[in-house]
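Chain by chain, the residues run as shown.
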Amino acid sequence: MRIVLVTDAWTPQVNGVVTTLVELVAHLQAKGHRVELIEPGGFRTFPCPGYPEIELAWRPRREVARRLDDFAPDAVHIATEGPLGGAARAHCLRRGWAFTTAFHTRFPDILARSLKVPARWGYAWFRRFHRPSSGVMVPTGGMLKLLRDEHRFDHLLEWSHGVDLELFKPSEPLPLTLPRPLFLYVGRVSWEKNLSAFLDLKLPGSKLVYGVGPLLDRLKAQHPEVHWRGVVPRTELPRIYASADVFVMPSRSETFGLVMLEAMACGTPVAAYPEAGPLDVIGASRGGVLDADLGRAAMAALDCPREAALARAHEFDWRAVGDQFLSFLVGVHTRSRCHGADIVPS
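Residues numbered from 1 in each chain as written. Predicted model: local features only at pLDDT ≥ 70, side-chain atom pairs only at ≥ 80, totals over all residues. Heavy atoms only, no water.

Things to note about the pattern of salt bridges
Stated precisely, the cut-off is as follows: Salt bridges are defined as contacts in which a side-chain nitrogen from Lys or Arg sits within 4 Å of a carboxyl oxygen from Asp or Glu. Each helix is a run of DSSP H or I of at least 4 residues and each strand a run of E of at least 2, with the numbering of both proceeding from the N terminus. Whether a residue is buried, partly exposed or exposed follows from its accessible area with a 1.4 Å probe, protein chains only, as a fraction of its type maximum: under 20%, in between, or over 50%, in that order.
Taken as a whole, this structure holds 15 salt bridges when the rule is applied. We note a salt bridge from Arg67 to Glu36, for which the minimum N-O separation is 3.2 Å. Residue Arg67 is found in helix 2 (residues 61-71), and its partner Glu36 is found in strand 2 (residues 34-38); the two are separated by 31 residues along the sequence. Residue Lys193 pairs with Glu254 through a salt bridge whose shortest N-O separation is 2.8 Å. Of this pair, Lys193 sits in the loop between strand 9 (182-186) and helix 7 (196-199) while Glu254 sits in the loop between strand 12 (246-249) and helix 10 (258-265); the two residues are 61 residues apart in sequence, bridging distant segments of the chain. This pair shows no difference in class: Lys193 is buried, exactly as Glu254 is.

Some thoughts on helix 2
Counted only if it meets this: What the arc measures is the spread of directions leading from the helix axis to the C-beta atoms. Contact criterion: two residues are considered in contact whenever any of their non-hydrogen atoms come within 4.5 Å of each other.
By the burial criterion, the buried members of helix 2 are Val64, Ala65, Arg67, Leu68 and Phe71. Considered in projection along helix 2, the buried side chains sweep an arc of 165° and stay on one side of the axis. Facing away from the buried side of helix 2, by more than 90 degrees, are the exposed residues Arg62 and Asp70. For helix 2, the elements touching its buried residues are strand 1 (2-6), strand 2, strand 5 (75-78) and helix 3 (83-95).

Remarks on the packing of helix 1 (residues 16-30) against helix 14 (residues 318-328)
Helix-helix packing: each pair is described by the crossing angle between the helix axes and the interaxial distance. Definition in use: Lines fitted to C-alpha atoms define the axes, with helix axes restricted to the stretch in contact, and inter-axis angles between N-to-C directions lie between 0 and 180 degrees. Working definition: roughly parallel below 35 degrees, roughly antiparallel above 145 degrees, roughly perpendicular at 65 to 115 degrees, and oblique for all remaining angles. The residue classification treats Ala, Val, Leu, Ile, Met, Phe, Trp, Tyr, Cys and Pro as nonpolar and Asp, Glu, Lys and Arg as charged. All others, Gly included, are polar.
One can describe the packing of helix 1 onto helix 14 by two numbers: an axis separation of 10 Å at closest approach and a directional angle of 80°. Our classification of the angle between helix 1 and helix 14 gives roughly perpendicular. Residues Thr20, Glu23, Leu24, His27 and Leu28 of helix 1 lie in contact with helix 14, whose contacting residues are Trp318, Arg319, Gly322, Asp323, Phe325 and Leu326. For the contact of helix 1 with helix 14, the class distribution of residues is five nonpolar, three polar and three charged.

Concerning the environment of Glu315
Note the following rule: Any N or O atom pair separated by 3.5 Å or less is treated as a polar contact, with the protein-specific requirement of one donor-capable and one acceptor-capable atom, and with residues adjacent in sequence counted only for side-chain atom pairs.
In this fold, Glu315 is placed in the loop between helix 13 (306-313) and helix 14. Put simply, Glu315 and Val281 are 34 residues apart on the chain and 9.7 Å apart in space, counted from C-alpha to C-alpha. A distance of 2.7 Å separates a polar atom in the side chain of Glu315 from a polar atom in the side chain of Arg312.

So, the sheet that holds strand 12
Test applied: DSSP bridges decide pairing: two strands pair if at least two such bridges lie between them.
Reading across from one edge, 11-10-9-12-13-14 is the order of the six strands in this open sheet, with parallel pairing throughout. Each having just a single partner strand, strand 11 (227-228) and strand 14 (288-290) make up the two edges of the open sheet. The pairing of strand 13 (residues 270-272) with strand 14 spans three bridges and is classified as parallel. Following the sheet pairing, Val270 is matched in strand 14 by Gly288. Across the face of the sheet, helix 10 comes into contact with strand 9, strand 12 and strand 13 while running at roughly 175° to strand 12. Set on the sheet, helix 12 (residues 294-301) makes contact with strand 9, strand 12, strand 13 and strand 14; between it and strand 13 the angle comes to about 165°.

Describing the packing of aromatic side chains
For clarity, the cut-off: Pairing of aromatic rings covers Phe, Tyr and Trp, the last through its six-membered ring, and needs centres within 6.5 Å; plane angles under 30 degrees mean stacked, over 60 mean edge-to-face, and all others mean tilted. Here, a charge over a ring is recorded when the distance from Lys NZ or Arg CZ to the ring centre is within 6 Å and its angle to the ring normal is within 35 degrees.
If you walk through the whole model with that rule in mind, you get ten aromatic pairs. Ring geometry for Phe46 versus Trp58: centroids 5.6 Å apart, planes at 85°, classification edge-to-face. Separated by twelve residues along the polypeptide, Phe46 in strand 3 (residues 45-48) and Trp58 in the loop between strand 4 (51-57) and helix 2 bring together distant segments of the chain. According to the relative accessible area criterion, Phe46 is partly exposed, its value standing at 27%. An aromatic cluster of three or more residues is present, and its members are Phe103, Trp125, Phe126, Phe129 and Phe153. Over the ring of Phe198 we find Lys207; its NZ or CZ atom is 5.7 Å from the centre of that ring. Positioned above the aromatic ring of Tyr273, the side-chain terminus of Arg252 is 3.6 Å from the ring centre.

Keep in mind these values describe shape, not function.
Set out below in structure tokens:
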């Protein structure tokens with residue numbers, strides 16, 4: 001099958017969306033599909049407002065249209081709502097092509113917190129963006145329910161995410177000499193991650209943070225007692241996760257929270273709020289603790305068996321995730337919502 005994947009988020013960005021899409025492309029290619037990836041590389045770019053490390057394509061419509069027409073796809077999937085996603089959406093509508101989209105990030109909530117604008121404005125715009133889609137892929141049942149019941153989205157499909165179990169597995173811990181227990185956070189240091197909720201906790205032992213973002217300098221100055229380690233190659237993460245006693249996820253705006261799954265795949269239990277994302281990833285397993293009191297969750301997670309975290313992670317195999325994605329695609333020349341039934345591979 002000839003598949004176009006359009007995304008405004010791609011390497012060298014480091015986040016869960018990029019990780020998911022990199023794994024997805026690898027899975028599709030391994031199954032013999034031809035993938036045309038339209039991402040910011042090769043376009044003139046500008047820094048995303050509020051996130052200068054993220055480069056967005058500048059006025060990409062003509063080039064996106066040319067690449068779509070030249071590739072003659074069997075299916076088009078638009079993964080993000082940025083300039084590239086918008087250009088692909090506009091061209092598909094002009095051509096009368098069916099396409100699918102994904103809701104990966106709760107940008108309306110992020111904008112509400114960072115710019116002090118009502119979240120409903122952002123959700124109204126996103127609802128309009130996704131309305132022509134033949135299927136909007138959402139990573140968890142909790143997010144699907146929120147988008148459907150609170151924000152009136154249509155054509156939603158639950159598309160779970162997975163973890164690379166060949167990379168993320170129990171590993172030899174780092175030779176750290178920090179006081180125990182060790183509470184770890186890995187991810188962006190930005191508004192939507194609510195990192196202060198973790199940093200402000202009165203916990204025994206040590207706090208360790210890996211990541212960068214627009215709040216890094218401010219939070220480092222406010223919390224000199226925290227061990228700040230920046231960004232490391234992805235291949236080093238398994239030993240980092242394995243070194244921690246608990247992984248703490250303070251975010252209240254996750255659609256999934258892939259780092260939680262990575263930590264659990266290395267045998268490290270998770271502490272998080274009972275919100276969409278953690279509710280689906282941790283569920284009723286003993287692989288972590290969900291509590292409205294994050295400090296209480298972090299302390300309780302010290303008693304979670306590492307084997308339980310590992311077992312829960314193994315329920316999220318990428319092979320099933322990739323096959324589910326393929327089943328949700330629609331042929332560009334069909335108007336039915338048959339989720340791939342009439343796509344003929346070329």
